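Survey of secondary and tertiary structure
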2 protein chains.
Amino acid sequence: MARTLIRDLKSAVGKEVTIKGWVDVRRDQGKLIFFDIRDRSGKVQAVVLPKSPALDVAKDAGLEYAVEVKGKVNARPEKNVNAKVLNGDIELEVAEVTVLGKAEPLPFDMSADGFNLDLTTELDHRALTLRHPRLQAIFKVSAVIIDSFREFMKSQDFFEFQAPSIAPATAEGGAEVFQVQYFDKKAYLSQSPQLYKQIVMTAFERAFSVNKVFRAEPSATTRHLTEIVMLDAEMGFIDSWTDVRDMAEATVRYILTQVGTKCSAELEFLGATLPTMIDKTPTYSLKEAFEKLGIPEDKDLNPEQERALCEVVKKETGSDFVFVWGYPTKKKPFYVYPHPENPEVNEGVDLLCRGVEWLSGGRRINDYEQLMKHVNEWQMDPKKIEMFLEAFRYGVPPEGGFAFGAERMTMQILGLKNIREAAMFPRDMHRIDHPLSALD
Amino acid sequence: MARTLIRDLKSAVGKEVTIKGWVDVRRDQGKLIFFDIRDRSGKVQAVVLPKSPALDVAKDAGLEYAVEVKGKVNARPEKNVNAKVLNGDIELEVAEVTVLGKAEPLPFDMSADGFNLDLTTELDHRALTLRHPRLQAIFKVSAVIIDSFREFMKSQDFFEFQAPSIAPATAEGGAEVFQVQYFDKKAYLSQSPQLYKQIVMTAFERAFSVNKVFRAEPSATTRHLTEIVMLDAEMGFIDSWTDVRDMAEATVRYILTQVGTKCSAELEFLGATLPTMIDKTPTYSLKEAFEKLGIPEDKDLNPEQERALCEVVKKETGSDFVFVWGYPTKKKPFYVYPHPENPEVNEGVDLLCRGVEWLSGGRRINDYEQLMKHVNEWQMDPKKIEMFLEAFRYGVPPEGGFAFGAERMTMQILGLKNIREAAMFPRDMHRIDHPLSALD
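1. Quick word on the environment of Asp28(B)
Residues and elements named next belong to chain B.
- Tracing the backbone through its elements, the reader meets Asp28 in strand β1 (residues 16-29).
- You can call Asp28 exposed: it has 11 C-beta atoms within 10 Å.
- Residues Asp28 and Gly236 lie 208 residues apart in sequence; the distance between their C-alpha atoms is 65 Å.

2. Side note on helix α5 (residues 194-204) of chain A
All names here are of chain A.
- A large share of α5 lies buried, amounting to 11 of its 11 residues.
- Along α5, the positions that sit buried rather than exposed are Gln194, Leu195, Tyr196, Lys197, Gln198, Ile199, Val200, Met201, Thr202, Ala203 and Phe204.
- Glu205 sits one or two positions beyond α5 and adopts a positive phi of about 75 degrees.

3. Structural notes on the relation of the copies chain B and chain A
- For the pair chain B and chain A, the superposition axis carries a translation of 0.0 Å, the fit reaches an RMSD of 0.1 Å, and the rotation angle comes to 180 degrees. These values place the two chain copies in the arrangement generated by a two-fold rotation axis. Across chain B, the rotation axis passes nearest the C-alpha of Val180(B), at a separation of 2.3 Å.
- Most of the interface of chain B is mirrored in chain A: 100% of its interface residues are interface residues there too.

4. Examining the packing of helix α4 (residues 133-155) of chain B against helix α6 (residues 241-262) of chain B
All names here are of chain B.
- Close contact between α4 and α6 brings their axes to 9 Å; oriented N to C, the two are set at 135 degrees. For the element pair α4 / α6, the angle class is oblique. The two elements α4 and α6 cross, and the hand of that crossing is right-handed. When α4 is examined against α6, the residues Val141, Val144, Ile145, Ser148, Phe149 and Phe152 are found in contact with a partner set consisting of Thr251, Tyr254, Ile255, Gln258, Val259 and Lys262.
- Residue classes in the contact of α4 with α6 are distributed as eight nonpolar, three polar and one charged.

About the thresholds
- Along every chain, residues carry numbers that run from 1 in the direction the sequence is written.
- Both sets of labels track the order of writing: A upward for chains, 1 upward for ligands.
- Note on the predicted model: pLDDT of at least 70 is required for a residue's local features to be given, and 80 or more for side-chain atom pairs to be given and counted; whole-chain, interface and lining totals, by contrast, use all residues.
- Strands here mean DSSP runs of E at least two residues long; helices mean DSSP runs of H or I at least four residues long; both are numbered from the N terminus.
- Burial is judged by counting other C-beta atoms within 10 Å of a residue's own C-beta: 20 or more means buried, 12 or fewer means exposed, and anything between counts as partly exposed, with every C-beta placed from the backbone.
- All copies are superposed by least squares; the fitting set is the C-alpha atoms of residues with a pLDDT of at least 70 in both.
- Whether two residues are in contact depends on their C-beta atoms, placed from the backbone: they are in contact if these lie within 7 Å.
- Note on definitions: angles span 0 to 180 degrees between N-to-C directions of axes, and those axes are lines fitted to C-alpha atoms, for helices only across the stretch in contact.
- We call two directions roughly parallel when the angle between them is under 35 degrees, roughly antiparallel when it is over 145, roughly perpendicular when it lies between 65 and 115, and oblique otherwise.
- With the far helix as reference, a near helix turned anticlockwise by less than a right angle produces a left-handed crossing, and one turned clockwise produces a right-handed crossing.
- Side-chain classes are defined by residue name, with Ala, Val, Leu, Ile, Met, Phe, Trp, Tyr, Cys and Pro counting as nonpolar, Asp, Glu, Lys and Arg as charged, and the others, Gly among them, as polar.

Printed below as a string of structure tokens:
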């Protein structure tokens, strides 16, 4: 008999069906055995009655067994109906159970409510803990964030490209870059697709990418991973840096709407509330931000000041988001566009939410002469960025872009305490799947 | 005045508009200057009349200048209409030209027809050659292949995950893996998300990923890149390896249909014909394949035999595709499922097209005891794949999956001669953006 997905059982009441899935819950009540069976589409309660021919196999089928179950879909008696859950009004009366894959006894409580591991243990057993609804909910939200980014970019005519992970030996450097033994040469892992997305923009006008970037910061904090998923966008023919800001805002708004629609059950399960994005997100220059906080101007907002600014803006406008632009030119990379009226500050912009930076971007220098002036002032070796510079020798319009990390946005939307929770296979200083110390 | 995209000009006949784009073609005919202006949406012819106030600026605007052009959209006289191209029936009468970005004189002919570089020169200047319609067509097809893969996977309930690029020091090894200096330890670049996608499948039932893989093969052929985009899928609760084959076939069929629909202009420009996939792609065991070729059985098809088999199948059935399954168990990785009736061969399967392997996959071992038997026979260190093994201790149903490289499929669909043409920023033994020798 063809398999029925569990989400489709409600339209099979009174019929014989075959389902396949995992034993999610098992309760032995006197002579009855109750199972919750889980497949990719949902869960259903199944009951093995005392005289069922399935009893012998059912007796052995423990938690996380992969099983095929044949039976009849019954409507539950009124008093047993649970209207709040999928299939809360039906039950499968089991006629036959076939074990497709046995499971060892679980090393810890994997039930929806009983799951309570410290993060280290949870990560040490991620191959198993990935089956828990909490982790499934987190990674569903993460997948929707990434997919919604792509959807919105495509709707706005952005061209998807694959940014490279291996960077030339000479393009990047410093302590925070991973070095790769590349045949008899040295190469590096890319820290950012920045220069590549600008190149692609010069050919396709609008470009985006979803790619890995690698950071060798020797930091073991709750916010650091060595490998992250970056969502990058770049657009030509802008009139002002505010076009970039507006596109970033529209992108985040679309993502939040999609997460709200597609992940409402997951948000509720995780107790997460989406941040509020009002019709027009407030924008302040760095100078104005310090004025607003009533403190002396500085070169950047520190984490405490970011939190304070977000609180003030929230109180005044109801917005959880705030844009801050106009950072000191000399503090930012060579390609960021200096503000024409005051070149000491640039047209870079950050989006803060609930006290934390979510996204950064801005206008870039498009004029080749101005770019080369910065290359020299920033003391960069033009040979090391020759491919990038070539693109800018041939007609580049005013342009800009933005980028944000998928794990960080997942963490912030869901209010997770550690970014490792938002990466399925997190890598950090001390861990690649398993603690590195275990491999010594 | 708000910018009008060039594809929308046809509905603005008789109106004043502003367009923005690049000078794609320039022809000086007596006192007239004709431009083709290109933006992300298309091209249009613009004419500067002898008395136009735009004449001074237009005189300086050379190829690849980024410009803003104001003017009036006119219908072309009947005799000048070119019905074959976008905007072949209109023309922009230029009133004003503003240079947004100057271009140096081009180092070679970038016209649609005159472009004729050897591959090395083309790659040395990829930041510029990316603007050529040939390259734009190739990378549009590549983007549609990747996006269609994701679309189809999602339609079939596959869950998208991000497979890691950094692999633990102990998981992979051998000469063909890139080594990364990971703080004070060693790590490697992932050669395949195989074990990760199997882990994710045990939690999400169906999983897919679009991720980079890295191959340190010291081969400088037309088919080798060190960094490629892999499209991976894995599915649980299969009845047979043929379920995996059928899903792979449906995936390729969907991709071909999408490329045919979304890239018809690009296929025509590149002179490419999509391969024919008939209703049911012929499937042969390796043994049957050798019988069909009338040659003695061997352990694998060599490239010449793959070509011969495809030719025979094409002649007999009209299909450009053929599946071959049942390879010697001992020749394949430990996780491939041995055929129960003859364990000497396994349930791995390859999809060939036009003489070349496009995709491979098959059923995997799901039973933990059988898996551990193979781990021992293949002399693997269980500690090195502990995360993978943990997943298989807890109820794994019969399962399988498949994978294929985006660059190879792009190359094969378009009949490109070198895989470097199908990668936007190709990396090989001798090149990362620029030749490595240039960096010595």
